[in-house]
Amino acid sequence: MSGLKLTDGSGVCIFSVVIPTHNRLNLLEKSIMSAINQSYPPCEIIVIDDYLLDSVRVLIGALNNATNIPIYYVQNIIQSNAQVSRNIGAGFAKGSYLSFLDDDDLWGREYLSQAKKIIEKKTCDMLITHTVAFNNKDEKIIRKLFPDKYSEQEMFIKNPGIACSNFIVNKRCFTSVKGYDPYVNASAYKEILIRLKRKGFSHEVLREGLVFYRIGHSDQWTSTDIKILPDIFRFYK
């Protein structure tokens, strides 16, 4: 892995990858590897563990020995909540842009490379990428295309295609809205996008299916409607 270019050449860290994790060791390793294997690598990967597993710390240590990309292990002892973990990771991040990745999702090899091209060309504050859903048999199920234009009212009716793993945001913008709302989980991605757009921040769409969203596994948080119902109510308040 020698010779990797982790900055833009001027010493500026562009992409910090933020991965919250909760007791998904095997899936987590695959997610981290998809970030490590980017053709344009991130300058750092930050893993925030709210289940406090020693095995996660061991995994991070082993992966650090195999790559030039620094991988940091951070414990979330505040609250077992992915939004809190994402905010903690963002606070540690050195990159100009925060690239969020869930511990059960994957990125295509050209994801950050293509993201960099659009961000530099359009000077946008946020980037949202088309996603491809896949199951545990690695079968591609659904391709979700984020629209070029949408209204805030439409966001309250349905999710147009934003998730954690296909969302890149300028850290300055993210900080200005105080990050994710820790009390909204089920609609957290829509909620933060609405707040960012209300402040006038711009977004662009990467129209390639370079983010792979895993569905159908037994511990998927959104697989139980009753579990997410209180958070949906919070969003609409």
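Residues numbered from 1 in each chain as written. Predicted model: local features only at pLDDT ≥ 70, side-chain atom pairs only at ≥ 80, totals over all residues. Heavy atoms only, no water.

Participant: Just checking my understanding: could you explain the packing of helix H1 (residues 25–36) against helix H2 (residues 54–64) for this structure?
Facilitator: Between two packed helices, the angle of one axis relative to the other and the distance separating the axes together describe the packing. Running from N to C, H1 and H2 cross one another at 25°; their axes reach a closest spacing of 11 Å. One way to sum up the angle between H1 and H2 is to call them roughly parallel. The hand of the H1/H2 crossing is right-handed. Of H2, the residues touching H1 (which contributes Leu-25, Leu-28, Glu-29, Ile-32 and Met-33) are Ser-55, Val-56, Leu-59, Ile-60 and Leu-63. Looking at the contact of H1 with H2 residue by residue, the classes come out as eight nonpolar, one polar and one charged. (Axes fitted to C-alpha atoms, helices over the stretch in contact; angles between N-to-C directions. Helix = DSSP H or I, 4+ residues; strand = E, 2+ residues; numbered from the N terminus. Parallel < 35°, antiparallel > 145°, perpendicular 65-115°, else oblique. Left-handed = near helix turned anticlockwise from the far one by under 90°. Contact = heavy atoms within 4.5 Å. Nonpolar A, V, L, I, M, F, W, Y, C, P; charged D, E, K, R; others polar.)

Participant: Help me out: how do you make sense of the pairing of strand E8 (residues 167–170) in this one?
Facilitator: Within a regular beta strand, the side chains point alternately toward one face of the sheet and then the other, so they alternate between its two faces. Going residue by residue along E8, you find Phe-167 and Val-169 tucked away on one face and Ile-168 and Asn-170 tucked away on the opposite face as well. Relative to E8, strand E4 (residues 97–100) runs antiparallel, the two sharing three bridges. Its bridge partner lying in E8, Tyr-97 is registered against Asn-170. (Buried < 20%, exposed > 50% of the residue type's maximum accessible area, 1.4 Å probe, protein only. Pairing = 2+ DSSP bridges.)

Participant: What exactly am I supposed to notice about the pattern of salt bridges here?
Facilitator: Under the definition given, this model contains nine salt bridges. With a closest N to O distance of 3.8 Å, Arg-172 and Asp-125 form a salt bridge. Residue Arg-172 is located in helix H6 (residues 171–176), and its partner Asp-125 is located in the loop between helix H4 (111–122) and strand E6 (126–134); the two are separated by 47 residues in the primary sequence. Overall, the relative accessible area of 52% leaves Arg-172 in the exposed class. Salt bridges sharing partners connect three or more residues here, namely Arg-24, Asp-103 and Asp-104. (Salt bridge = Lys/Arg side-chain N within 4 Å of Asp/Glu carboxyl O.)

Participant: I keep staring at the confidence of the model for the chain and nothing clicks. Help me out?
Facilitator: Considering every residue of the chain, the mean pLDDT works out to 88; 86% of them sit at 70 or more. Considering only residues more than four positions removed or in separate chains, one finds that residues 1–5, a stretch of pLDDT under 50, has 10 contacts. (pLDDT = per-residue confidence, 0-100.)

Participant: Could you clarify how one ought to interpret unusual backbone geometry in this entry?
Facilitator: The bulk of non-glycine residues show a negative phi, and the bulk of peptide bonds are trans. Phi at Thr-123 takes a positive value of approximately 45°, unusual for a residue other than glycine. Checked against the element boundaries, Thr-123 lands in the loop between H4 and E6. Taking the relative accessible area as the measure of exposure, Thr-123 reaches 60% and is therefore exposed. Positive phi is not limited to glycine here, since Lys-178 has a value of about 65°. Positionally, Lys-178 belongs in the loop between H6 and helix H7 (188–198).

Participant: Help me understand the side chain of Thr-129, please; the structure alone is not making it clear to me.
Facilitator: Relative to the assigned elements, Thr-129 resides in strand E6. The contacts of Thr-129, once residues within four sequence positions are left out, are Tyr-111, Asn-166, Leu-206, Glu-208, Leu-210 and Val-211.

Participant: I'm lost on the state of the cysteines in this one. Help?
Facilitator: A complete count under the given rule lists one disulfide for this structure. One disulfide bridge connects Cys-13 with Cys-43, the sulfur atoms lying 1.6 Å from each other. Taken together, the residues span a long stretch of sequence, with Cys-13 in the segment before strand E1 (15–21) and Cys-43 in the loop between H1 and strand E2 (44–49) at a distance of 30 residues. Note on Cys-13: relative accessible area 14%, which makes it buried. You can call Cys-43 buried: its relative accessible area is 10%. Unpaired in terms of disulfides, Cys-124 finds its nearest cysteine sulfur in Cys-173, a separation of 9.7 Å. (Disulfide = S-S within 2.5 Å.)

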